[in-house]
Structures are given as C-alpha cells and as structure tokens.
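# Per-entry structural report
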Amino acid sequence: MIEALLVGALACSTAASVGLTVCLRADVNVRTRVGVPSADPDRSRRLRRWAGRVGGAGALRPLRRTGLSERVRAAGWMASPDEIVGCRVFVGAGAALAAAMSPSPAPLLAPLVAVVGYRAPDLVLARAARKRRDEARRELPNVLDMLATAATAGVPGPLALRRAVSVTDGPLASDLRAAFDAVDLGARWREEVDEVARRLELDDLRRVAATLVRGEALGSAMADALRTLADDVREERRTAAADRARRAPVKMLFPLVFLVLPAFLLLTVVPVLVTTLSSIR
C-alpha cells in the first residue's frame, strides 16, 4: 500500500517537474521540426513570470546559489535563476499536496515527497548540462577541421574561428557565436573563448585558443597544428568510448546479480520446488 502511494506521488512530482522544465526551455524550432504543436506563448510567459516572482522573493534568496546561473547557461536553458527556484518550489509544493491528499498513510510521506519534488528540477538541469557538454565534445573535431581549412586559406586566427563557427551547428557553435557577439561589443576574444571552454568543460578548446594566440604572435603556420589537434581529440574520444565499453560488463554485474538473477530464479526454480514439495507430501 505504502509503496503504491509513494510511486504515485513520485510519478506526479516527476510529471510536474518535466512539464515545468519543458516550459522553461521549450524550443519553437525543434517543436516545429518534429511536428509537435507549439505551446501557447502567453501561457508559457505567464508560467515563467509566476515562477520568477516566487523565486525572486526575499525569503528564498538563500536558495539561489552562486553556481545556479552557470549551470543554467551550461544547460542552454533560457531561464533565470529566480525562475528555476520558483520551479523548485512549485514542484515540491505540488508533490507534497499530492501526497497529502492521498489516502493514509501517504500523508506521512509528504515531507519526503516534497524534498524529492524540490530536487527534481536540479536533477533535470544537471542532466541537460551534462548532455549539452557531451554534444559540444562531439562537435569540437568538426569545428577544428573547419578552423584548419580557414587557416590554410590564410585567414587570421580569431577570424578563422569565427568563420568556422558560422558554418557549424550545435551547442559549441552557439556559445562561441554568443562569445563573438560579446567581442563585437568590446570584450577580449581570448577571455570569451576561455569562458566558453570553462563552462562546457572543454580543455581542448583552451588549447585551440592558445594555438591561435601563438600563431598570431610568432607568425607560424596554424593549419598543421590544428589538424593534429583535431586528430588528437578524435583519438581521445575513441579511447574514452573503448574505456566505457570495457567498463560496461562490470556495471551490468550489479543489476544482473541482484535484480535479474533473483527474478529468474523466482520464476523458474521456485515453482519447481513448490511442485516437488507438494508431490512429496
């Protein structure tokens, strides 16, 4: 009984969390491309405005941690920290209300369900940021190839990077285009590129910036160095994929031994034992 009620409350919390986070980061172009009807923009704006008002309350100020805005930018969400905090409060309160309105003894679990619902948007945010970083890592070799091609044509370093970014798509190209928009307003391109590398956790992008700076300072050819760097990045990706493949059997051992094997024995061996004992009696 308790397990069923807890599962229902958690399901309500998860559904509410997904709905709110989708409203916070809905992409109209992606919705149109996959054929999903676009949400009402007025309703989405109202929802975000309410979440921002709740999250911007002075009593909730300690909840807006310093790294929240950085994680939101890393995930590519078009939301403010106040809206994320308001989303947490909405989901936690909704989960607690769902548990409180359930039959006894589910109301006793309302505090636990509220904490789970409150943390659900953070989990979705962390997963989105991790997925976006992985996409940026996969995108980096293509950017390096385009950068090497532009450098071979004699284009200067920062301009070559700008040209390479303009013909590629993905989270890395999007962040770099935003960085060059800031450069057009007076920022230093090296600092902006380093900031993108820090946010996406791309040490290889810092190496790219250092290579471009060294090429400008010494007048050396950058194309060969960039192609070598692209090959190194691809080799690192292949090595990491091979390591994950080797670790997969070890990770599968726990669910196999403690989940699959007991269920298999329960369905195959136990009926035979019960039948045998019944026949002996």
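Only a predicted model underlies this, so the values are computations on that prediction, with no experimental measurement involved.

Reading guide: rules and limits
- Numbering of residues starts from 1 in each chain and follows the order in which that chain's sequence is written.
- In view of the model being predicted, local features appear only for residues whose pLDDT reaches at least 70, and side-chain atom pairs are presented and counted only at 80 or more, with totals across whole chains, interfaces and linings using the full set of residues.
- Each side-chain value is derived from all of the structure's non-hydrogen atoms; neither hydrogens nor water enter the calculation.
- Helix numbering and strand numbering both begin at the N terminus, where a helix is a DSSP run of H or I of at least 4 residues and a strand a DSSP run of E of at least 2.
- Two residues form a contact once any of their heavy atoms are found within 4.5 Å.
- How far a helix is expected to stretch is found by multiplying one less than its residue total by 1.5 Å.
- Accessible area is worked out with a 1.4 Å probe on protein chains only. A residue is then buried under 20% of its type maximum, exposed over 50%, and partly exposed in between.
- We define the nonpolar core as a collection of buried residues of types Ala, Val, Leu, Ile, Met, Phe, Trp, Tyr and Cys that are connected through side-chain atoms lying within 4.5 Å of one another.
- Criterion for a salt bridge: a side-chain nitrogen of Lys or Arg within 4 Å of a carboxyl oxygen of Asp or Glu.
- Each aromatic pair joins two rings of Phe, Tyr and Trp (for Trp, the six-membered one) with centres within 6.5 Å, and gets the label stacked for planes under 30 degrees apart, edge-to-face for over 60, and tilted for any other angle.
- Throughout, an axis means a line fitted to C-alpha atoms (over the contacting stretch in the case of helices), and angles, computed between N-to-C directions, take values from 0 to 180 degrees.
- Angle categories: roughly parallel below 35 degrees, roughly antiparallel above 145, roughly perpendicular from 65 to 115, and oblique for all the rest.
- Note on convention: near helix rotated counterclockwise from far helix by under a right angle means a left-handed crossing. Clockwise means right-handed.
- Here the nonpolar group is Ala, Val, Leu, Ile, Met, Phe, Trp, Tyr, Cys and Pro; Asp, Glu, Lys and Arg are the charged ones; every other residue, Gly included, is treated as polar.

Once that is clear, we can look at the overall build of the chain. A count of helical and extended segments in the chain gives 11 helices and 0 strands. The order of α-helices and β-strands along the chain, N terminus first, is α-α-α-α-α-α-α-α-α-α-α. A separation of at least 24 residues holds for 65% of the contacts in the chain among residues at least 6 apart in sequence.

Before going further, it helps to spend a moment on helix α5 (residues 81-100). Here α5 is 20 residues long and its end C-alpha atoms lie 28 Å apart, about the 28 Å a rise of 1.5 Å per residue gives. Those residues of α5 that fall on the buried side of the exposure criterion are Glu83, Ile84, Val85, Gly86, Cys87, Arg88, Val91, Gly92, Ala95, Ala96 and Ala99.

Glancing now at the nonpolar core. Counting residues in hydrophobic clusters, the biggest one holds 34 residues, and the most contacted among them are Leu147, Leu161, Leu172 and Leu205. Broken down by secondary-structure element, the contributors of at least two residues to this core are α6 (110-152), α7 (157-166), α8 (171-184), α9 (189-200), α10 (203-218) and α11 (223-280). It is α6 that contributes the most residues to this core, 8 residues altogether. In this view, Leu147 contacts Gly157, Ala160, Leu161, Ala164, Val208, Leu212 and Leu226; residues no more than four positions away in its chain are not counted. By size, the runner-up hydrophobic cluster in this structure holds 11 residues, among which are Val72, Ala74, Ile84 and Leu125.

Right, let's get into the pattern of salt bridges. In the structure shown here, the tally under the stated rule is 17 salt bridges. The closest approach of N and O atoms between Arg234 and Asp145, which form a salt bridge, is 2.5 Å. Of this pair, Arg234 sits in helix α11 while Asp145 sits in helix α6, and the two are 89 residues apart along the sequence. Relative accessible area serves as the criterion here: at 25%, Arg234 is assigned to the partly exposed category. In this structure, a network of salt bridges that share partners links the residues Arg132, Asp175, Glu195, Arg198 and Arg199.

Another aspect to go through is the packing of aromatic side chains. Under the counting rule described, the total for this entry stands at 1 aromatic pair. When the centroid spacing of 4.8 Å and the interplanar angle of 40 degrees are considered together, the rings of Phe254 and Phe258 count as tilted. Taken as a pair, Phe254 and Phe258 lie in helix α11 at a separation of 4 residues, close to a single helical turn. Of the two residues examined, Phe254 and Phe258, each falls in the exposed class.

Helix-helix packing is characterised by the crossing angle of the two axes and by the distance between the axes. Direction vectors running N to C along α6 and α11 enclose 165 degrees, while the axes themselves pass 8 Å from each other. Relative to α11, the element α6 lies roughly antiparallel. Relative to α11, α6 is oriented so that their crossing is left-handed. In this structure, α6 contributes Arg137, Arg138, Leu140, Pro141, Asn142, Leu144, Asp145, Leu147, Ala148, Ala151 and Thr152 to the contact, and α11 contributes Ala223, Leu226, Arg227, Leu229, Ala230, Val233, Arg234 and Arg237. In terms of residue class, the contact of α6 with α11 is made up of 11 nonpolar, 2 polar and 6 charged.

To continue, consider the packing of helix α4 (residues 68-75) against α5. One way to put it is that α4 packs onto α5 with a least axis distance of 9 Å and a crossing angle of 95 degrees. For the element pair α4 / α5, the angle class is roughly perpendicular. Of the residues in α5, those in contact with Leu68, Ser69, Arg71 and Val72 of α4 are Pro81, Ile84, Val85 and Arg88. When its residues are assigned to classes, the contact of α4 with α5 shows 5 nonpolar, 1 polar and 2 charged.

In this section: α8. In a regular helix each residue adds 1.5 Å, so 14 residues correspond to 20 Å; α8 covers 20 Å between its end C-alpha atoms and thus fits that length. Just past α8, the residue Gly186 takes up positive phi, approximately 120 degrees.

Before going further, it helps to spend a moment on the environment of Thr149. With respect to the helices, strands and loops of the structure, Thr149 is situated in helix α6. Residues Thr149 and Leu226 lie 77 residues apart in sequence; the distance between their C-alpha atoms is 9.2 Å.

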